[in-house]
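Examination of the molecular architecture
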Amino acid sequence: MAVVYTERYGTGDIQKYLRDKDGRLSCQKESSRNTYGSLRDCLVSLFLPHGFPDSVSEDYLAYQLWDTIQAFASSVTGSLATHSLLRGSGVGDSSATVAAATVTWILKDGTGMVGRILFAWMKGSQLDCDAKRWRLFADVLNDMAIFMEIVAPVFPSCFTLTVCTAGLFKV
């Protein structure tokens, strides 16, 4: 049997593709689960890409730092938006009805679903050729949607319209 190709995975597993004498291919799996000598080794394996630092560009750590800060900020603003949506829907207000809050939430989610379907239908074939531009566009729309959700309770007469529009922006 001759080895034709070998794949190595981040888990340490190896998969070898072998050619038999009669020309058939077979696959042989080797499991080499890593045993970590220290907590540091475990954390490096968990949080950094396989083969780090040779497998990434020099600016990877700086990029990852800013990406982590952005993800944390997005999580915080998402929590604030959810709080505003719940308050605006009547959670904590004894005069609000469960039915009204439910209908508002269904309308918000429904318009978001329709917006995502329409966006995919209209722009889906254009996403591959300019991914960075579309990623930036989606981030800006998402930030606008979160802002609209946070300020929606300030304008109770337009609350449902505001959160439905915000749902459309979350593509």
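Keep in mind the model is a prediction, meaning the values are calculated, not measured.

Quick look at the overall build of the protein
Counting its secondary structure elements, the protein contains 5 helices and 3 strands. Moving toward the C terminus, one meets the helices and strands of the protein in the order β-β-β-α-α-α-α-α. Taking 16 Å as the expected radius of gyration for a compact globule of 171 residues, we find that the protein reaches 25 Å, considerably beyond that expectation. Across the 171 residues of the protein, 18% fall into the buried class. Excluding contacts between residues fewer than 6 apart, the proportion of contacts in the protein whose partners are at least 24 apart in sequence is 35%. Surface exposure of the protein reaches about 12,600 Å², of which carbon and sulfur atoms provide 64%.

A word on helix 5 (residues 159–169)
In an α-helix, one turn spans 3.6 residues; hence positions three or four apart end up facing the same way. The set of residues buried in helix 5 consists of Phe159, Thr162, Val163, Cys164, Ala166 and Gly167. In this structure, the buried side of helix 5 is in contact with helix 2 (60–89), helix 3 (98–123) and helix 4 (131–151).

Some points on the side chain of Gln15
Turning to its location among the elements, Gln15 is positioned in strand 2 (residues 14–19). Side chain to side chain, Gln15 and Tyr17 meet in a polar contact 3.0 Å long.

So, the pattern of salt bridges
Inspection of every chain in the model, using the stated rule, returns 5 salt bridges. One salt bridge connects Arg133 with Asp130, and the closest N-O pair in it is separated by 2.9 Å. Arg133 sits in the partly exposed class, given a relative accessible area of 48%. The exposure class assigned to Asp130 is partly exposed, which follows from its relative accessible area of 30%. Residue Glu149 pairs with Lys170 through a salt bridge whose shortest N-O separation is 3.2 Å.

Looking at the confidence of the model for the protein
Across the protein, the average pLDDT comes to 86, with 95% of residues at or above 70. Between the elements of the protein, mean pLDDT differs from a low of 82, seen in helix 1 (residues 39–47), to a high of 93, seen in helix 5.

Definitions and cut-offs
- Residues numbered from 1 in each chain as written.
- Predicted model: local features only at pLDDT ≥ 70, side-chain atom pairs only at ≥ 80, totals over all residues.
- Heavy atoms only, no water.
- Helix = DSSP H or I, 4+ residues; strand = E, 2+ residues; numbered from the N terminus.
- Rg over C-alpha atoms; globule rule 2.2 N^0.38 Å.
- Buried < 20%, exposed > 50% of the residue type's maximum accessible area, 1.4 Å probe, protein only.
- Contact = heavy atoms within 4.5 Å.
- Areas by Shrake-Rupley, 256 points an atom, 1.4 Å probe, with all protein chains shown as cover.
- Polar contact = N/O pair within 3.5 Å; in protein donor to acceptor, adjacent residues only side chain to side chain.
- Salt bridge = Lys/Arg side-chain N within 4 Å of Asp/Glu carboxyl O.
- pLDDT = per-residue confidence, 0-100.

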